[in-house]
Structures are given as C-alpha cells and as structure tokens.
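Observations on chain architecture
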Amino acid sequence: MPQTHASGQPYEDDAPAPEPTPGGAKAESTDALDSLLDEIDDSLQVNAEQFVRSFVQKGGQ
Amino acid sequence: MRVAGIETEYGIVDPEAPQANPILLSSRLVSACRLWADGKTAPWDYGGEDPLQDQRGMRRDRATAGADMLTDVHEWDPAHGRISLRRRRGSWEDPAHLNAVLANGSRFYVDHAHPEYSGPEVASAREAVIWDRAGDAIALAAAQRYAVEEDSRVELYKNNVDGKGASYGTHENFLVRRDVDFDALARLITAHLVTRQVVVGAGRVGLGQRGERPGFQISQRADYMETEIGLETTLRRPIVNTRDEPHADRKHWRRLHVIIGDANCLDVPTYLKIGTTALVLGAIEADDERLEALVLADPVGDVTRVSYDLDQRTELALASGEKATALEVQRALLEISRDYAQSADDLQVLARWEQVLDALGRDIFAAAKDVEWVAKLQLLGRLRDKNSVTGEDGSAVPLPWDDPRLAALDLQWSRLGDGWASRLAAAGAVTRLATDEEVATAVSTAPQSTRAAIRGAFVARHPELVDAAGWSTVVLDRETRHGRLEVLHLDDPLQTSHPILDELG
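Residues numbered from 1 in each chain as written. Chains lettered and ligands numbered in written order. Predicted model: local features only at pLDDT ≥ 70, side-chain atom pairs only at ≥ 80, totals over all residues.

It is worth spelling out the overall build of chain B at this point. When helices and strands are tallied, chain B shows 14 helices and 22 strands. The C-alpha atoms of chain B give 23 Å as radius of gyration, which agrees with the globular expectation for 505 residues (23 Å, within 12%). Based on the C-alpha atoms only, the size of chain B along its principal axes is roughly 85 × 60 × 45 Å. A burial count over chain B gives 51% of its 505 residues as buried. In chain B, the share of contacts with a sequence separation of at least 24, taken over all contacts with a separation of at least 6, comes to 69%. (Helix = DSSP H or I, 4+ residues; strand = E, 2+ residues; numbered from the N terminus. Rg over C-alpha atoms; globule rule 2.2 N^0.38 Å. Buried ≥ 20, exposed ≤ 12 C-beta atoms within 10 Å, placed from the backbone. Contact = placed C-beta atoms within 7 Å.)

In structure tokens, the structure reads:
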C-alpha cells in the first residue's frame, strides 16, 4: 500500500530542544512524537472532512 | 493458559471509489490473499457450525432466525434438511463468501460485508498478540496483492465504527469448562467485560452510535451494547453472547464468544484483554465467592458510563448495594485472579495488569505507552492544542471535538500499514510485546501449542490433499479404504499432532 502521507515541512527547526533526561529514551520518543504530530497536522489540513464523510461501512457482527 | 482466539473484522475502503460494494471488495481481497498464499490455502469446512444452538440450552427455530445468523447455510438444503457434508466437497464455494484457511492455522474470509481474520487457537496471551499482528500482516499482504491484480486498491482499518452508525466486531473466544453453569458464568464475567474497557479500550471520537454528540470516549463498541445477554451479534448486541458452538467436545467444553471488545492496534490491550479475561474465567470455574460482590446493578448502562468517564471517577452501583469505580472493580478482579495463575505467562499478565491499573490510577497519561485510548487521546489533545485559537478573554481555545480533523485522526489511527498507531509504534512511542521477527514467522506458521499446528501443517505441506478445513475438522480428499472424503476430527483444542500427518510427513 503506498504511503499516502508525504511528510511536510522540515520540523527539526521548530521542535523544542529535548529536555536532558537521564537515559535520553524519553526525549527521543517525545521528538519522534513531535515530528509525527507535525505530519498528522499537515496531512489533516487538506480534506479531513471529505475523508470522514466518505468513510462508510456496512454493519457487521 | 486456557485456549483462546481473536477474530477481527476489518473496515474496508476503496479510496478512489468510496461507494464500491464492500462484499465484492472483500471477496476480491480474499481471492488476492489466496494468490499471495501461493497454493498453501484450503476452503472452509462448514460441517461443524451450529449458529442456532443457544448456551442457555434452547435452540432457535430456523424459520425465526435472521438471514445473518444462518452461517451454516452452505450445508442446508431445504428439500433434504441437514445434508451430510462429507458427500459434498468443500471445494464448492459461494463466490461472495470466499474463504482461505492459511498455513498459520487462521481463516481469512468474507464475513457479512467485511474481510475477517479469525486467528488460530493460541494458548497464551503473548501468542494471542503474535498471531493477531500476523493477521494484520496477512491482511496487508492481501491488500498489496489486490493492488497488483485489480488495478485499484483497498485500505483496511482495524477499528469497529464508521461514525455513521455502523459497527463491526472484534471477537474473543475462550474455552470454558462445560460444567460451569452458563447463567452464573454470564452473571460473573459481565463485571469484568464492562470495567476492563479502561484497560483495553481503543478510544473513539464521538458519542452515540452515529457520533451525534461531540466528545471522546474510551471504547469503540460501548454505544452498540444494548442488552445483557443474547444470541444475536449483528443487532441488539449483548454483553454476553450465548451462541453455543464449542468447536470442541461438547461434553467437556463451552466456547465463550465475547463481542464487546474493541479492535486494538497496540500490543498491551490485546495481551490484557485475552490474559485478564482468561484469568477471571479461571476464578469463575473455581466458583470463587468473591466475584458475587462485584456484580453490577445496571451493566448495560454501565458500559457507556465507564466509556464516557475519562477521569475514572464515576461510581457504579453494585448489586450488593455498594458502589465502586471501574478501576476499583478491576483492582478487585486483579486480586482475585492472583489465586488462579498457573504459569509464568499468567504471572506476567498479572504484573502487566497491575502496572497499567497503577498508572491509570495515578495519572492516565502515565499509561500512554500501554493503553490505546490514552495514547489516542494524547495525540488528539496535542493536535487540539497545536490548532488552538485565542478566545475573547485571551486564553487558548483548543480545536472543538466536532472538528473533522479529530474524527479523521481517529479513523486513520487504525489504518493497516501507514496508520497513525503503526507510526507511533515505529517511533517507539508504544510498548511492543512481540518482535517483528516473531510476527513474520507467525504469518506462515501456526502456534505449536494447539490443534492449529495440525491444521496449519496440512495446509502448508499437503494443501493438494485438503478438501476443506474447519476449527475441529480437516477433510482429506484422497483414495482410502473409507472412501474419498476422510474427516479428521480434532475435538481436543490442545491436540498438537495427528498420526496421519506423521505418516504423510
């Protein structure tokens, strides 16, 4: 399945500086979350409403 | 652990043709799945199904059953009553209801208007996670093959609602001892099924069956549970489903068919919905008296009471006259379940359950890596804040809950392959309990702990001999002294080898 969400602008610039936490794992995951959030935001700026309207399923069990 | 299994009905969409017939799309997807399986696939054996037998001892009259319930219709001939299926080859198939029994012991097929993956029988919560994710990988591989074959594509969604009123299910199945009184079983498991939402809910934008009121709730399915107990699964959906089809020796076993659960894209909820429910069933089988004190006074009302209560403060009325929050009921069930752990796997389930309850009790966002509704709510909250506007008093006003961007995020969360939940997992932001390698192996190999090992091995190694296969049968089409269609009965779900398979190699 093709990737339908091309990433938007570079987000490294406006991401907040990672807090110096011991281990660094948490900061890393927060960074990843920030860039994902930017990508989601960009992708939903266009036709979110159309997408929601056209998602129609039949009932199942 | 007891034998269990998960069935997932996926949402299906042709993004270029939203009006496309979903039965046709699903049927073509199953065809694509068979091509992907490259010969290692078999038709379904409808011989053992009995959708009209009720756990409460009665039988639904065929004439009053809705068409949706007649899943055994393939062997029903109005002129002759029940046909001996063994005279009829499973290779005859209704093109709108295609099936593929696969080498990993699962069944991929068209159920109503959805593609469904019925995972193989597993014997631990961790195996449930591995073979559930294997199902997603198989569905995705089928969709990729579909794109090659059909010159169009489908997207698959592992959720349970479309936001317009339709719901489709993710069901769990648990093997339970037959000598447990069914009414007692239903009464005692209900408190767990209602309150476990706080641990295993997938989260949903919108309140009401059509999402008619703005907001966020814990569970996908809560608004569709309309009665305490019943035989139906497509309307008047019950908290406890009474379909009595054990797919095992009826003298010894029942199958509890749980339809209240959500489809989960995170590992921990899949793990806990199987693991905790299996443990509570152990307490019920042992007739643990402490469970009676947790019976809810209004379970149907409590399903939405719990689902709408993001702060986890609402007290539920108990039949005893006492009150307790969903988290308190869960904690009591955890304490009771400690006495029924039988293996290292069970102890791990208890530890994870406790850890998640502790986190939820402290600050729900402490559970964001493990609890799906919290992970989703956190992402939604950040999107709302990112797009906030300045109100009249100068304060920041977040995006309102009825903004279509939030509904879109909710739907896209569960899209197989590139959905936001998958992206969160890839970013390391959620807990994984199975490795990608384990999942890749489980795509083509059955669990070795149950009879799925036999079914899977026949399909993987001797597909040309398999006329059809079901949960408790494998029908072989070969010349023998008994005749051509030879039915192997696998009534014990824990049987892991078969002499004929050993002979054939």
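So that's the structure; there's more coming.
Moving on to the pairing of strand S6 (residues 99-102) of chain B. It is a general feature of regular strands that their side chains alternate between the two faces of the sheet. Residues and elements named next belong to chain B. Side-chain alternation along S6 places Asn99 and Val101 on one buried face and Ala100 and Leu102 on a second face that is also buried. Of the strand pairs in this sheet, strand S3 (residues 41-42) and S6 are connected by 2 bridges, and their pairing is antiparallel. Considered in S6, the bridge of Ala42 is made with Val101. Alignment of S6 against strand S7 (residues 107-111), held across 3 bridges, turns out to be antiparallel. Residue Asn99 lies in a different strand from S7, and its bridge partner there is Tyr109. Counting the residues that bridge the hairpin from S6 to S7 gives 4 residues, and of these Gly105 lies at a positive phi of roughly 85°. (Pairing = 2+ DSSP bridges.)

With that settled, consider the interface of chain B and chain A. Listed by partner, the interface residues are 42 residues for chain B and 24 residues for chain A. The residue makeup of the side of chain B that touches chain A, split by class, is 19 nonpolar, 12 polar and 11 charged. (Nonpolar A, V, L, I, M, F, W, Y, C, P; charged D, E, K, R; others polar.)

Turning our attention to the pairing of strand S10 (residues 170-177) of chain B. All names here are of chain B. Of all 8 residues that make up S10, 6 are buried, and the element is covered over most of its length. Bridge count between strand S1 (residues 4-9) and S10: 5 bridges; the pairing is antiparallel. If you follow Ile6 over to S10, its bridge partner there is Glu172. Here 6 bridges tie S10 to strand S15 (residues 253-258), and the two strands are oriented antiparallel to one another. Bridge pairing in S15 places Val176 opposite Arg254.

Turning our attention to the nonpolar core. All names here are of chain B. Judged by nonpolar contacts, the single largest core of 141 residues is most densely connected at Leu29, Cys33 and Leu409. Tallying contributions element by element places helix H2 (residues 125-150) first for this core, with 11 residues. Ignoring sequence-local partners within four residues, the contact set of Cys33 consists of Ala100, Phe108, Ile138 and Ala142. (Core = buried A, V, L, I, M, F, W, Y, C linked by C-beta atoms within 7 Å.)

This paragraph deals with helix H1 (residues 22-37) of chain B. All names here are of chain B. In a regular helix each residue adds 1.5 Å, so 16 residues correspond to 22 Å; H1 covers 22 Å between its end C-alpha atoms and thus fits that length. The set of residues buried in H1 consists of Pro22, Leu25, Ser26, Arg28, Leu29, Val30, Ala32, Cys33, Arg34, Trp36 and Ala37. Contacts made by the buried residues of H1 are with strand S2 (11-13), S3, S6, S7, strand S8 (114-118) and H2. Count one or two residues on from H1 and you reach Asp38, which has phi positive near 55°. (Expected span 1.5 Å × (residues − 1).)

Turning our attention to the confidence of the model for chain B. Residues and elements named next belong to chain B. For chain B, per-residue confidence averages 91 on the pLDDT scale, and 90% of positions sit at 70 or higher. Every residue in residues 73-85 scores below 50 in pLDDT, and together they form 12 contacts with partners more than four places removed in sequence or on other chains. Two summary scores accompany this predicted model of the complex, namely pTM at 0.89 and ipTM at 0.87. (pLDDT = per-residue confidence, 0-100.)

On to unusual backbone geometry. The backbone of A:Asn47 shows a phi angle near 40°, a positive value even though the residue is not glycine. In this structure, A:Asn47 sits in the loop between helix H1 (25-45) and helix H2 (48-54). Positioned with a positive phi, B:His112 is a non-glycine residue whose angle comes to about 55°. Positionally, B:His112 belongs in the loop between S7 and S8. When the 20 C-beta atoms within 10 Å are taken as the criterion, B:His112 is described as buried.

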